[in-house]
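Chain residues, written in single-letter form:
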Amino acid sequence: MKHNKTNITQISVMNTQMKWGLGLCVASALWLSSPVAQGAERIAEQGLGTYSQARSINLKTPESDADKQARMMVLHEQAKLQNLDGNIKVKMTREQVLAKNKKSAATAENQQKRVLAQQNQVVYYDFSFYGANSYLLEDYDYDGFYQTFSVTFDADINSSAGDIQADVFAELYLSQDGGPWIHYYSTDVFTLHADSSHDDYEVLTTLANGYQTDHYDVLIDLYELGYADPVATISSDQSNALYALPLESSDRDAVYVDEVYIETEYSGGTLSWLSIASLAGVIGLRRRFIKKI
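Some words on the overall build of the protein chain
Here's step 1: Secondary structure summary: the protein chain contains six helices and 12 strands in total.
Here's step 2: Residue burial in the protein chain is summarised as follows: out of 293 residues, 34% are buried.
Here's step 3: Here the contacts in the protein chain between residues at least 6 apart in sequence split such that 76% fall between residues at least 24 apart.

Here it is in structure tokens:
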């Protein structure tokens, strides 16, 4: 009887383990088939290459078209080098960037910056975005999806104490068709002046590779220098200008050029140019694929 009881116990344990195993398999399959998991897997599998330039906008001396074209040419050259190199870093999610900035704010240097800022300004203030805009700039193949775009934003300091200044920086993200927020640019540190309308900031970006032809939302997190968490956020939820931008990377933005060519057939002997022209056999059109960066 003892032997039979032992066998029954072992069988019971095996059944329990099989049930747990099947349960884990089902749960894993359900998670992997979810949109969140598929979005994360898609991002992990593809390297996302971007190049950006940023500047504070001075409304008194607006940028000329020639200067903007020159900046875009620099971005294209950088994108071309990256495409040739093929060494692309996988981008970070917003959650990863938030964790990184929290860790950075805990350093002694940033704690000292925070103490100095508090000593210089003892009044209460907070931050907000007055607004944001986006501009679609370059679409080589005229399919309605752009490889180069810019985002401008106006962040303000809210306080009753007058001309408050603060050093800040911003983190920018793209979300493909409602997927996870993927980081694409960190600005340099720049200074905000209360609620001034003359401290707009622009980020000009060319998507080098890895971005599928799709619609992308934009999110901007604003940080005060030395602090761990964002002090203000604006995204497609608050601004239509950041919603569903039609974008694609430059490796998908190619132009097709029509080219006429002539094929001639003739027999041996001496022929004049006029004779060759009269013996032209086939005139056709072909489409030549040219990649542009």
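Having seen the structure, we can now continue with the description.
Description of the nonpolar core
Nonpolar side chains in soluble globular proteins tend to end up buried together.
Here's step 1: The biggest cluster of nonpolar side chains holds 34 residues, and the ones touching the most others in it are Phe127, Leu174, Tyr184, Ile220 and Leu222.
Here's step 2: With sequence-adjacent residues up to four places away left out, tyrosine 184 is seen in contact with Thr50, Ser52, Lys91, Phe149, Val151, Leu172, Tyr173, Leu174, Thr205, Tyr211 and Val218.

Things to note about the pairing of strand E7 (residues 201-209)
Here's step 1: With nine of nine residues buried, E7 lies mostly within the body of the structure.
Here's step 2: As paired elements, strand E1 (residues 49-56) and E7 share eight bridges and run antiparallel to each other. Along E7, the bridge assignment pairs serine 56 with tyrosine 201.
Here's step 3: The pairing of strand E3 (residues 148-158) with E7 spans six bridges and is classified as antiparallel. Paired with threonine 152 across the two strands is glutamate 202, which belongs to E7.

Some details on the packing of aromatic side chains
Here's step 1: Under the defined criterion, the tally for this structure stands at eight aromatic pairs.
Here's step 2: Between phenylalanine 190 and tyrosine 201 the ring centres are 4.1 Å apart and the planes differ by 15 degrees, which places this aromatic pair in the stacked class. Placement of phenylalanine 190 in strand E6 (residues 190-193) and of tyrosine 201 in strand E7 is noted, with a sequence separation of 11 residues between them.
Here's step 3: For tyrosine 201, a relative accessible area of 5% corresponds to the buried category.
Here's step 4: The interplanar angle of 65 degrees and the centroid separation of 5.9 Å between the aromatic rings of tyrosine 211 and tyrosine 216 together place this pair among those described as edge-to-face. The residues tyrosine 211 and tyrosine 216 share a single accessibility class, namely buried.

A look at the pattern of salt bridges
Here's step 1: Tallied over the full model, the rule gives five salt bridges.
Here's step 2: Here aspartate 229 and lysine 102 are joined by a salt bridge, their closest N and O atoms 3.7 Å apart. Here aspartate 229 is found in the loop between strand E8 (214-224) and strand E9 (232-235), whereas its partner lysine 102 is found in helix H4 (residues 94-105), with 127 residues between them in sequence.
Here's step 3: Sharing partners across several salt bridges, the network here consists of Arg55, Lys68, Arg71 and Glu202.

Notes on the sheet that holds E7
Here's step 1: Strand order in the open sheet made by the four strands is E1-E7-E3-E2, with antiparallel pairing throughout. The two strands at the open ends of the sheet, each matched to only one other strand, are E1 and strand E2 (126-138). Recorded for the sheet is a direction-independent mean angle of 20 degrees between the axes of neighbouring strands.

Describing the side chain of glutamate 138
Here's step 1: On the secondary structure map, glutamate 138 appears in strand E2.
Here's step 2: By relative accessible area, which is 10% here, glutamate 138 ends up buried.
Here's step 3: Within the local environment of glutamate 138, its side chain forms a polar contact with the side chain of threonine 148, the two groups lying 2.8 Å apart.
Here's step 4: Leave out the neighbours within four places in its chain, and glutamate 138 touches Met72, His76, Tyr146, Gln147, Thr148 and Asp253.

Describing the environment of phenylalanine 145
Here's step 1: Along the chain, the position of phenylalanine 145 falls in the loop between E2 and E3.
Here's step 2: Its relative accessible area of 18% is what places phenylalanine 145 among the buried residues.
Here's step 3: Counting along the chain gives 107 residues from phenylalanine 145 to arginine 252, while the straight-line C-alpha distance between them is 9.5 Å.
Here's step 4: Excluding anything up to four places from it in sequence, phenylalanine 145 contacts Asp139, Thr213, Asp214, His215, Pro246, Leu247, Glu248 and Asp253.

Comments concerning the environment of methionine 72
Here's step 1: For methionine 72, the location among the structural elements is in helix H3 (residues 65-85).
Here's step 2: Of the residues examined, methionine 72 reaches a relative accessible area of 4% and is grouped as buried.
Here's step 3: For the pair methionine 72 and threonine 148, spaced 76 residues apart in sequence, the C-alpha separation works out to 8.1 Å.
Here's step 4: With near-sequence residues (within four places) excluded, methionine 72 lies in contact with Leu137, Glu138, Thr148 and Leu204.

Observations regarding the side chain of serine 175
Here's step 1: Along the polypeptide, serine 175 turns up in strand E4 (residues 165-176).
Here's step 2: When sequence neighbours within four positions are dropped, the list of residues in contact with serine 175 reads Pro180, Trp181, His215, Tyr216 and Asp217.

A look at unusual backbone geometry
Here's step 1: Located in the positive-phi region is tyrosine 142, a residue other than glycine, with phi close to 55 degrees.
Here's step 2: Its location among the elements puts tyrosine 142 in the loop between E2 and E3.
Here's step 3: Using a relative accessible area of 73% as the deciding quantity, one classes tyrosine 142 as exposed.

Rules used in this analysis
Residues numbered from 1 in each chain as written. Predicted model: local features only at pLDDT ≥ 70, side-chain atom pairs only at ≥ 80, totals over all residues. Heavy atoms only, no water. Helix = DSSP H or I, 4+ residues; strand = E, 2+ residues; numbered from the N terminus. Buried < 20%, exposed > 50% of the residue type's maximum accessible area, 1.4 Å probe, protein only. Contact = heavy atoms within 4.5 Å. Core = buried A, V, L, I, M, F, W, Y, C linked by side-chain atoms within 4.5 Å. Pairing = 2+ DSSP bridges. Phe/Tyr/Trp six-rings, centres within 6.5 Å; stacked < 30°, edge-to-face > 60°. Salt bridge = Lys/Arg side-chain N within 4 Å of Asp/Glu carboxyl O. Axes fitted to C-alpha atoms, helices over the stretch in contact; angles between N-to-C directions. Polar contact = N/O pair within 3.5 Å; in protein donor to acceptor, adjacent residues only side chain to side chain.

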